[in-house]
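Summary of structural features
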Amino acid sequence: MLAAADPSMPGPAPAAHSASHGDDCKVALVTGANTGIGFGIVERLIEHFEAAHEPVTIVLACRNRAKAQEARAALIARYFPAHRSFGERTIQLLAVDLSNTKSVLLAAADFKRRFRRLDFLALNAGIMPVTAIDAVAGAVDLFTRPLVLAKSGGNALVQRAGLVTAEGLGEVFAANVFGHYLLVRELEDELARSGDARVVWMSSTTADPALFDDSDWQCVKSKHPYEASKRLSELVALEMQPDLSKRGIHTLLASPGNVSSGITQGAIFSGLLVVILYILRFFGASGINITGRNGATSTVALITSPDAKALDPTKVYHSEINLLGRKWVVPLTIDQGDAALRRHLVGEMETLRRKFRDLARSEGLLRD
């Protein structure tokens, strides 16, 4: 069982402010870091490394530049009120739209110009295209099978199928899986320079193998594109792990549990969702973390674990919490799927990567 650091005092240790952001400074990159679970990951990483008196640079990779700047300003004001310049070096921004391959390639190139190494990569960003709530079905689930509602949303969430990006990719697939795959491949050398890098893919308790159809691996036709994309993330992470581990890159899976993170893009009133989540926690449902900070428990534990080799890349590390708010991490066994299918899926994604990379090079966006 893992425990993630969660200091009660949010302020940084003064001694850490004299640390140099030089070659020994670790670098963490968190996607979708301006809100929700991503923001919680950043908060707790700051606290961990400050408490350990270790220099670190944390890069917030976000689609919305204005919201990213607001998040950065809030973090600096909270953690570095008397050391603003140090905070500005510690908390940095990277503009990226993970659903757009050109944006990902340009972001990766920008990162390479600014940093030589990458120690921790938290692949947190994601979208869930909820268009409506079936209140009647949700109420039935709440009182007849609350645990199913807590794990997958039951029959309450109605998601839009058929979403495709301007580049012709399944939108949920691009934002939740392929953009992250592309980012890992582009930053592989920087990760390898760490010598002990961690890549954490964000899975979910909703990642049900029964909801993923390999004939629709871009999750376009599915009525559950979010759940299908999370299952695909598991398969991709499992397949990438053996090769990346040869370069000292550890690929791991985390689940944040149930969090009111804004991922439904306003389809669910946040106040109502929080009430529902508290009811589910009262009934004993697993992983009802509610806040992004609590949901970050498993990812932070994987990143800060002193021995990455002791972690099992075939498990999903789940953020757990009890009625009293005590947090811990539980490794969950998952269906690893068919090895040939995993190879096929990663092969298809690699073909896409080369296609879009060649296109970007032909348009003069890439120089190599």
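Attention in this report is confined to the structure presented alongside it. Remember, it's a predicted structure, so these values are computed and weren't measured experimentally. (Residues numbered from 1 in each chain as written. Predicted model: local features only at pLDDT ≥ 70, side-chain atom pairs only at ≥ 80, totals over all residues. Heavy atoms only, no water.)

**Details of the overall build of the protein chain**
- Scanning the protein chain for helices and strands turns up 13 helices and 12 strands.
- Classification of the 368 residues of the protein chain by burial places 54% in the buried group.
- Partitioning the contacts of the protein chain with sequence separation of at least 6, the portion at a separation of at least 24 is 76%.
- Total accessible area computed for the protein chain in this model is approximately 15,800 Å², and 54% of it derives from carbon and sulfur atoms. (Helix = DSSP H or I, 4+ residues; strand = E, 2+ residues; numbered from the N terminus. Buried < 20%, exposed > 50% of the residue type's maximum accessible area, 1.4 Å probe, protein only. Contact = heavy atoms within 4.5 Å. Areas by Shrake-Rupley, 256 points an atom, 1.4 Å probe, with all protein chains shown as cover.)

**With respect to the pattern of salt bridges**
- Taken as a whole and assessed by the stated rule, the structure comprises 25 salt bridges.
- Residue Arg 113 is joined to Asp 110 by a salt bridge in which the shortest nitrogen-to-oxygen separation is 3.9 Å. Taken together, the residues span about one helical turn, with Arg 113 and Asp 110 both in helix H4 (residues 101–114) at a distance of three residues.
- Taking relative accessible area as the criterion, Arg 113 reaches 65% and is therefore assigned exposed.
- Between Glu 186 and Arg 353 there is a salt bridge, with the nearest N and O atoms lying 3.5 Å from each other. Taken together, the residues Glu 186 in helix H7 (residues 171–186) and Arg 353 in helix H13 (residues 339–362) connect sequence positions 167 residues apart. Accessibility classification places Glu 186 together with Arg 353 in one group, the buried group.
- Shared partners join several salt bridges into a network, and the residues in it are Lys 112, Arg 185, Glu 186, Glu 188, Asp 189, Arg 247, Glu 350, Arg 353, Arg 354 and Arg 357. (Salt bridge = Lys/Arg side-chain N within 4 Å of Asp/Glu carboxyl O.)

**Quick notes on the sheet that holds strand E7 (residues 197–202)**
- One open sheet holds the eight strands; their spatial order is E3-E2-E1-E4-E7-E8-E11-E12, and the pairing between them is mixed. Among the strands making up the open sheet, the edge pair consists of strand E3 (91–95) and strand E12 (327–333). Across the sheet, the mean angle separating the axes of adjacent strands is 25° when strand polarity is ignored.
- Note: strand E4 (residues 120–123) against E7, four bridges, orientation parallel. The partner of Ala 122 across the bridge, within E7, is Val 200. (Pairing = 2+ DSSP bridges. Axes fitted to C-alpha atoms, helices over the stretch in contact; angles between N-to-C directions.)

**Quick word on the nonpolar core**
- Grouped together as the largest cluster of nonpolar side chains are 54 residues, with contacts concentrated most on Leu 29, Leu 121, Phe 173, Trp 201 and Val 236.
- Apart from the residues lying within four places of it in its own chain, the contact partners of Val 236 are Val 177, Tyr 181, Trp 201, Val 346 and Met 349.
- Counting residues in hydrophobic clusters, the runner-up holds 37 residues, among them Val 42, Ile 46, Val 200 and Leu 252. (Core = buried A, V, L, I, M, F, W, Y, C linked by side-chain atoms within 4.5 Å.)

**Some points on helix H12 (residues 297–304)**
- The buried count for H12 comes to eight of eight residues, which makes it a mostly enclosed element.
- For H12, the set of buried residues is Thr 297, Ser 298, Thr 299, Val 300, Ala 301, Leu 302, Ile 303 and Thr 304.

Keep in mind these numbers describe shape, not what the thing actually does.
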